[in-house]
Amino acid sequence: MPARKSGQVSMDTLDPWAEPAPEITDDQMAGQLLHLVRKRFGMDLAWISRFDQGRQVVETVSGELKGQLVTPGFSPALAGPYRVRVVSGDLPAVIPDAKTNPITSALETTRRMGIGAHLAAPLRAGGHLYGTFVLLRDDHRLSTGVHGSGSRSYSRDSKVAGLAG
């Protein structure tokens, strides 16, 4: 029998009589995935939101940013300084340091929330704008999450952010 590579599962190692995996809701799955992405990029706060009647409604959250709690159901006006600029494309998907970016450094939200690195992308469903995917960090370092932490080229991070949009 050939040797398996690490991480591969062989059908003969699965126990057909084992207890079934517990049921997991879509919300729980989204929360777990968001947590993994947030950790992978070394960010402090992440959320997925949808747009509804002129508001951004936060659906799933992982983490916090300097005590700034964002919770599911939080519903700020869509006209907020970051939201409109992300959706319109006036802000790039990846901002390595919001405190030195000419647009975001002037925003009160950057100072109030202590935003350093900002990664965001519009989410689309069925060809329509659905909401946003946002990752924030309180300083300007982005982490790869591979072998601990480290820096990665921002162009590669931009490609990852582009997957959501």
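See above for the structure.
Anyway, here's the lowdown on the structure attached to this text. Model, not experiment: these values are computed from the prediction.

What follows covers the pattern of salt bridges. According to the stated counting rule, one finds four salt bridges in the structure shown. One salt-bridge network, in which partners are shared between bridges, spans Arg-50, Asp-52 and Glu-59.

Bringing the sheet that holds strand β5 (residues 128–136) into the picture now. Read from one edge to the other, the open sheet built from five strands follows the order β2-β1-β5-β4-β3, with strand pairing classed as antiparallel. Strands with a single pairing partner mark the edges of an open sheet, and in this sheet they are β2 (55–63) and β3 (94–95). The pairing of strand β4 (residues 118–125) with β5 spans eight bridges and is antiparallel. Paired with Pro-122 across the two strands is Thr-132, which belongs to β5. Lying on the sheet, helix α1 (residues 26–40) is in contact with β1 (45–52), β2 and β5; it crosses β2 at an angle near 70 degrees.

Here we come to the layout of surface pockets. Counted as a void, the largest pocket has a volume near 340 Å³. Within the residue set of the lining of the largest pocket, elements represented by two or more residues are β2, α2 (81–88), α3 (108–113), β4 and β5. Ranked by residue count, the leading element in the lining of the largest pocket is α2, at four residues.

Within the secondary structure, Leu-33 is located in helix α1. In this structure, the C-alpha to C-alpha distance between Leu-33 and Ser-62, residues 29 residues apart in sequence, is 9.4 Å.

All right, on to the nonpolar core then. Core analysis: the largest hydrophobic core is formed by 16 residues, its most contacted members being Leu-45, Trp-47, Met-113, Ile-115 and Leu-136. Once residues lying within four places of it in the same chain are set aside, the contact partners of Trp-47 are Leu-34, Gln-56, Val-58, Thr-60, Val-61, Val-70, Thr-132, Phe-133, Val-134 and Leu-136. Counting residues in hydrophobic clusters, the runner-up holds eleven residues, among them Phe-41, Val-94, Ala-117 and Phe-133.

Right, let's get into the environment of Asn-101. Relative to the elements of secondary structure, Asn-101 occurs in the loop between β3 and α3. Using a relative accessible area of 15% as the deciding quantity, one classes Asn-101 as buried. Distance from Asn-101 to Leu-91, taken between C-alpha atoms, is 9.7 Å for residues ten residues apart in sequence. Engagement of the side chain of Asn-101 in a polar contact is seen with the backbone nitrogen of Thr-104, the distance being 3.1 Å.

Rules used in this analysis
Residues numbered from 1 in each chain as written. Predicted model: local features only at pLDDT ≥ 70, side-chain atom pairs only at ≥ 80, totals over all residues. Heavy atoms only, no water. Salt bridge = Lys/Arg side-chain N within 4 Å of Asp/Glu carboxyl O. Pairing = 2+ DSSP bridges. Helix = DSSP H or I, 4+ residues; strand = E, 2+ residues; numbered from the N terminus. Contact = heavy atoms within 4.5 Å. Axes fitted to C-alpha atoms, helices over the stretch in contact; angles between N-to-C directions. 1 Å grid on protein atoms, 1.4 Å probe; cavity = no way out; pocket = protein on both sides within 12 Å on 5 of 7 lines; lining within 4 Å. Points joined across faces, edges and corners; volume = space filled by probe spheres on them. Core = buried A, V, L, I, M, F, W, Y, C linked by side-chain atoms within 4.5 Å. Buried < 20%, exposed > 50% of the residue type's maximum accessible area, 1.4 Å probe, protein only. Polar contact = N/O pair within 3.5 Å; in protein donor to acceptor, adjacent residues only side chain to side chain.

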